[in-house]
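So you can see what is in the structure, the chains are spelled out below.
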Amino acid sequence: MSSKYVLHKARVIKIKPDGKAVLKVMRSSACGSCDDNQSCCSTGDNYTFIEVKCLEDLKEGETVNVGLKKNSFYSSIFMIYIVPVFLALFTAAITSSLSANDNILTPVATVVVIVLYFIFFKKVYKSKELEYKVFKIN
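I will try to describe carefully the structure that is included in this document. Every value quoted in this text rests on a predicted model; they were computed, and no experiment measured them. (Residues numbered from 1 in each chain as written. Predicted model: local features only at pLDDT ≥ 70, side-chain atom pairs only at ≥ 80, totals over all residues. Heavy atoms only, no water.)

1. Digging into the packing of aromatic side chains
Here's step 1: A full pass over the atoms with the stated rule returns 5 aromatic pairs.
Here's step 2: Measuring from ring centre to ring centre gives 5.2 Å for tyrosine 5 and phenylalanine 135, while their planes differ by 75°; the resulting arrangement is edge-to-face. Within this pair, whereas tyrosine 5 is found in strand S1 (residues 5-15), its partner phenylalanine 135 is found in strand S5 (residues 132-136), the two being separated by 130 residues in sequence.
Here's step 3: Judged by relative accessible area, which is 15%, phenylalanine 135 ranks as buried. (Phe/Tyr/Trp six-rings, centres within 6.5 Å; stacked < 30°, edge-to-face > 60°. Helix = DSSP H or I, 4+ residues; strand = E, 2+ residues; numbered from the N terminus. Buried < 20%, exposed > 50% of the residue type's maximum accessible area, 1.4 Å probe, protein only.)

2. Some details on a nonpolar patch on the surface
Here's step 1: A surface patch of nonpolar side chains, about 830 Å² in accessible area, is lined by Ile77, Phe78, Ile80, Tyr81, Ile82, Val85, Phe86, Leu89 and Phe118.
Here's step 2: For the nonpolar patch, the element with the highest residue contribution is helix H2 (residues 70-98), accounting for 8 residues.
Here's step 3: As for its placement among the helices and strands, phenylalanine 78 is situated in helix H2. (Patch = residues over 30% accessible without salt bridge, like charges linked within 9 Å, V, L, I, M, F, W, Y side chains within 5 Å. Areas by Shrake-Rupley, 256 points an atom, 1.4 Å probe, with all protein chains shown as cover. Salt bridge = Lys/Arg side-chain N within 4 Å of Asp/Glu carboxyl O.)

3. Focus: the nonpolar core
Here's step 1: Counting 11 residues, the largest nonpolar core consists of Ala10, Val12, Ala21, Leu23, Val25, Ile50, Val52, Leu58, Val64, Val66 and Val134.
Here's step 2: Counting only elements with at least two residues in this core, the list comes to S1, strand S2 (20-26), strand S3 (47-53) and strand S4 (63-69).
Here's step 3: Setting aside residues no more than four positions away along its own chain, valine 25 makes contact with His8, Lys9, Ala10, Asn46, Tyr47, Thr48, Ile50 and Val66. (Core = buried A, V, L, I, M, F, W, Y, C linked by side-chain atoms within 4.5 Å. Contact = heavy atoms within 4.5 Å.)

4. Comments concerning the layout of surface pockets
Here's step 1: Taken as a whole, the second largest pocket encloses approximately 430 Å³ of empty space.
Here's step 2: For the second largest pocket, the lining is made up of 16 residues, of which Lys53, Leu55, Glu131, Tyr132 and Lys133 are closest to its centre.
Here's step 3: If you list the elements that add at least two residues to the lining of the second largest pocket, you get S3 and S5.
Here's step 4: For the lining of the second largest pocket, the per-class residue count stands at 8 nonpolar, no polar and 8 charged. (1 Å grid on protein atoms, 1.4 Å probe; cavity = no way out; pocket = protein on both sides within 12 Å on 5 of 7 lines; lining within 4 Å. Points joined across faces, edges and corners; volume = space filled by probe spheres on them. Nonpolar A, V, L, I, M, F, W, Y, C, P; charged D, E, K, R; others polar.)

5. A word on the pattern of salt bridges
Here's step 1: Counted according to the given criterion, the structure contains 4 salt bridges.
Here's step 2: Here aspartate 57 ties to lysine 59 by a salt bridge, and the two come within 3.7 Å at their closest N and O atoms.
Here's step 3: It is possible to trace a salt-bridge network through shared partners that takes in Lys16, Lys20 and Glu51.

6. Remarks on the pairing of S1
Here's step 1: Here 7 bridges tie S1 to S4, and the two strands are oriented antiparallel to one another. Across the sheet, tyrosine 5 pairs through a bridge with lysine 69, a residue of S4.
Here's step 2: Inspection of the sheet shows S1 paired to S2 by 5 bridges, in the antiparallel sense. Its bridge partner being in S2, lysine 14 is matched across the sheet by valine 22.
Here's step 3: What sits between the antiparallel neighbours S1 and S2 is a turn of 4 residues, in which glycine 19 has the positive phi angle 90°. (Pairing = 2+ DSSP bridges.)

7. As for the sheet that holds S4
Here's step 1: The sheet built from 5 strands is open, its strands ordered S3-S2-S1-S4-S5 with antiparallel pairing. Of all strands in the sheet, those bounded by a partner on one side alone are S3 and S5. Strand-to-strand, the axes of this sheet are offset by a mean angle of 40°, without reference to chain direction.
Here's step 2: This element, H2, spans S1 and S4 of the sheet and lies at about 60° to S4. (Axes fitted to C-alpha atoms, helices over the stretch in contact; angles between N-to-C directions.)

The structure is reproduced here in structure tokens:
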């Protein structure tokens, strides 16, 4: 069943009264070598904190696996990386064909479209929470 999830080791830091658990998720080696820490809310450390619904009987200090469904993971990657590239290419193609003599219109329009996309993306997906599943390590 865990093969449907992207898994990371995590430590239970705190069990909150509202039934949620705060987990300290250990990053993989690929995350640790990434220079673009700001895009995924990294603190520059080898871990990040997430809050999940505590469906299992967890104890503070316990090490668990936390998983994100692969479908959700891949759709997030698509929306954050692939869609903006296509938007940039499409905008550049349209604006360059409309104004062959104006060299400033294409890059400005492309940047504006990308900024508007991320503003829209943030507003739409702000209310949606990623659903993590906690797997106990035996």
